[in-house]
Amino acid sequence: MNRSQALLAAFAVLAAAFFVNLIFGSFGARADLTADRTFTLSPGSKRIITKLDEPVTLEFFVSRSDVKLRPQLESYSRRVETLLREYVAASGGKVKLVVTDPRPDTKEEQRAQRHGLAALRAAQGSAYLGLTAQQADTVKVLPVFDPSREKFLEFDVSKLIASASRLDRPKLALISSLPISNQMPQGGDQQASPADLLLAELGQTFDVVTLNTTAKELPAGVAVVALVHAHHIDEQLAYAVDQFLLAGGPVFAAVDPLSRIQKFSQGNMPFMMAPMAMTAASDPALLRAWGVNVELDAVTADAATSVTIRGSRGEPVQYQAAFASGPASFSKDSPLTSDLRELAFMEAGAISLISGAEKRLKLDALVTQSGPGVGSLPTMSANAGPFEKVALGFKPDGKPRVLVASVTGDFVTAFPKGAPAPGKPEPTPPGQPPAPVAKPHPGPHLATSKKPGRLFVVADSDFMMDPFTIRQRQVGGQTSIEPINDNFGFVINTLETLGGSDELVSLRSKGTSMRPFKRVQDLERAAQVHYQAKLDEIERRLEEANTKITELSKQTGGVTAKGIVITPAMQSEIEKFQTVADKLSEERRVIRRGLSEDVNSLGRRLQILNLLAGPALALLFGLLYTLARRRKTS
């Protein structure tokens, strides 16, 4: 093969590479070669968008012209837009994407502000990087895309789409032995419950129905069941919950070895002074039948992260069973826990699978307390108190305890013999409405999961009650509420996720495509140093010119019935300063463009390099192939 033939072969390879790229690019085909499929939609997201009854319009607000995002955010915005286009491509026309540049003082910026998008500071003004999802008249908003949450980008977008497509509030059945209710009592004043704020916040998302454990059935159309310190649930109600889980319904269970709220309501005294409470432990029968164990004979304690509480004599006491879990305890692979700073627990249990259940169930630990100071205290001792006496007997063993877990898989029924026979109704006290009568359970009896079930378990119930999550203060005659930990938001987010969509629970965090732009950051710092002094001087002169214009405008050359009269000399002076101000403003715009010129130049060079890299590699491959052929034939 002579030289001309070699060059011809190389150009043939180059042309082939170009046309293959052109053809596949025109069809939108691409390969995701990242280890964790960062740029590929998860099956759960695909199910969410294919189930949409009506189209959803995504409006992606991203500043790219008059106001520019910082280079790292600009790169991230391209990553976000790529993912959004994946939703459009996979939806079969059910998801539409509109990319909007909210330039300053335009109707697009006003729309962004009206939707509550977060304004980001930029050199040229306010920038935006957010998303709205609209179906019919329902608009949901993601105020800003935070690069630190890139692992959960798909989860956040899918959750937004799912919330926009939900026409009615899902129904939450909250079953508890605690004095929790959102229903007004008959013939009496409504007393404050330990979860008033929690119920009010849940009511923004759910149609909340509170049930006592003596209820006979679940309300129709329930989307989520929450068992919160449910002690001795009525058999008919327990069977309904059992079948709900086996049918694929999500269940949230807060199981407590020692409920301080229950102890307080029984003793009618402060927590540390209440007598022994016989029903202060939750009933774990349902969970154990399903294959999940919550340790109730001992409470988890941690000497290293214990918090100070008031002892029996009013003095501060370090009680190891009252402790805080920090970031080291939280799973980084779950969007529910990855951003948490602190969860506080009070005499929590420990979660595990019953022996043999691991064959059909998977337990994902979301909060795990570990370290040399971790151990347990007997529940009986903690119940008897006082705190300072119980604390003296603590001996850590260093064994980790799982406090919060997600359990998925195939559950077995807690009622292997089928639905329990309806019991006789309780006698009705005089003047009270008759007790409800259990209705036959609809549908056939399920002995095992109809489809993989979802059970979310927390080994504490006090942690979600108002006294343990928020602080209320009187400020200017109004009640101010502030969170004292992340407990409140964690419970809300968990229940919203369980009730939002079946597919949301299955979404896992993905890797990050972002890499630190150290070269860009160095260029920005150098440009800032180079231009800042001149920019400061222009800003000072511009402010002086504007101040002079304002002062001249306020001066009067006379007064008529129509208002202020400005003399020709004053008008000439104002125009002179206005010309100066316009010139300074133009200089400022030039300098601000210069601040990012080096960065933009680097971007252009990288873009050219990316365009030439493919053809250059193809040319190199062709030359190597030709040389190899020549050696073989010679």
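Conventions used here
Sequence order as written defines residue numbering, which begins from 1 separately in each chain. In view of the model being predicted, local features appear only for residues whose pLDDT reaches at least 70, and side-chain atom pairs are presented and counted only at 80 or more, with totals across whole chains, interfaces and linings using the full set of residues. Remark: hydrogens and water are excluded; side-chain values derive from all non-hydrogen atoms of the structure. Every helix listed is a DSSP run of H or I at least four residues long, and every strand listed is a run of E at least two residues long, numbered separately from the N terminus. With a 1.4 Å probe rolled over the protein chains alone, any residue whose accessible area is under 20% of its type maximum counts as buried; one over 50% counts as exposed, and the rest are partly exposed. What sets the accessible areas is the Shrake-Rupley method with a 1.4 Å probe; for residues, cover comes only from the shown protein chains. Note on definitions: angles span 0 to 180 degrees between N-to-C directions of axes, and those axes are lines fitted to C-alpha atoms, for helices only across the stretch in contact. Left-handed is the label given to a crossing in which the near helix is rotated counterclockwise from the far helix by less than a right angle, and right-handed is the label when the rotation is clockwise. Note on definitions: a residue-residue contact is assigned when non-hydrogen atoms from the two residues lie within 4.5 Å. Each residue gets one label: Ala, Val, Leu, Ile, Met, Phe, Trp, Tyr, Cys and Pro are nonpolar, Asp, Glu, Lys and Arg are charged, and the others, such as Gly, are polar. Pairing between strands requires that DSSP locate at least two bridges from one strand to the other. Values of pLDDT, ranging from 0 to 100, describe the predictor's confidence in every residue of the model.

It is worth spelling out the overall build of the protein at this point. Looking only at helices and strands, one finds 17 helices and 24 strands in the protein. Per-residue burial for the protein yields a buried fraction of 42% across its 634 residues. Accessible surface for the protein amounts to roughly 33900 Å². Of this, 56% is attributable to carbon and sulfur atoms.

A word on the packing of helix H5 (residues 153-164) against helix H13 (residues 487-500). Where H5 contacts H13, the axes come no closer than 11 Å and their chain directions differ by 65°. H5 and H13 meet at a crossing whose hand is left-handed. Contact residues: H5 offers Phe155, Lys159 and Ala162, while H13 offers Asn493, Glu496, Thr497 and Gly500. Its residues assigned to classes, the contact of H5 with H13 comprises 2 nonpolar, 3 polar and 2 charged.

Quick look at the sheet that holds strand E2 (residues 95-100) now. What the 4 strands build is an open sheet, ordered E2-E1-E5-E6; its pairing is mixed. The outermost strands of the open sheet, each flanked by one partner alone, are E2 and strand E6 (138-142). Sheet twist, expressed as the average angle between the axes of neighbouring strands with direction ignored, equals 20°. Its contacts with the sheet place helix H3 (residues 71-90) against strand E1 (56-62), E2 and strand E5 (129-135), and it is angled at close to 155° to E2. Helix-sheet contacts for H5 involve E1, E5 and E6, and the interaxial angle to E6 is about 160°.

Let's shift gears to unusual backbone geometry. Excluding glycine, most residues fall at negative phi; most peptide bonds, likewise, are trans. One non-glycine residue, Asp105, adopts positive backbone phi at about 60°. On the secondary structure map, Asp105 appears in the loop between E2 and helix H4 (107-114). Using a relative accessible area of 74% as the deciding quantity, one classes Asp105 as exposed. If you check the backbone angles, Glu347 has positive phi at about 55° while not being a glycine. With respect to the element layout, Glu347 can be found in the loop between strand E15 (343-346) and strand E16 (351-353).

A few words on the sheet that holds strand E9 (residues 222-228). Here 7 strands make up an open sheet; going across it, the order is E8-E7-E9-E10-E20-E19-E17 and the pairing mixed. Of all the strands in the sheet, the pair left with one neighbour each is strand E8 (207-212) and strand E17 (361-369). For this sheet, the mean inter-axis angle between neighbouring strands, taken without regard to orientation, is 20°. Lying on the sheet, helix H7 (residues 235-246) is in contact with strand E7 (171-176), E8, E9, strand E10 (250-254) and strand E20 (453-458); it crosses E9 at an angle near 125°.

In low-pLDDT segments, the atomic positions of the prediction should not be examined closely. Mean pLDDT for the protein: 80, with 74% of residues reaching 70 or above. Across residues 268-275, confidence stays below pLDDT 50; counting only partners more than four residues off in sequence or on other chains, it has 20 contacts. Throughout residues 557-564 the model reports pLDDT below 50, and contacts reaching past four residues in sequence, or to other chains, amount to 9 contacts.

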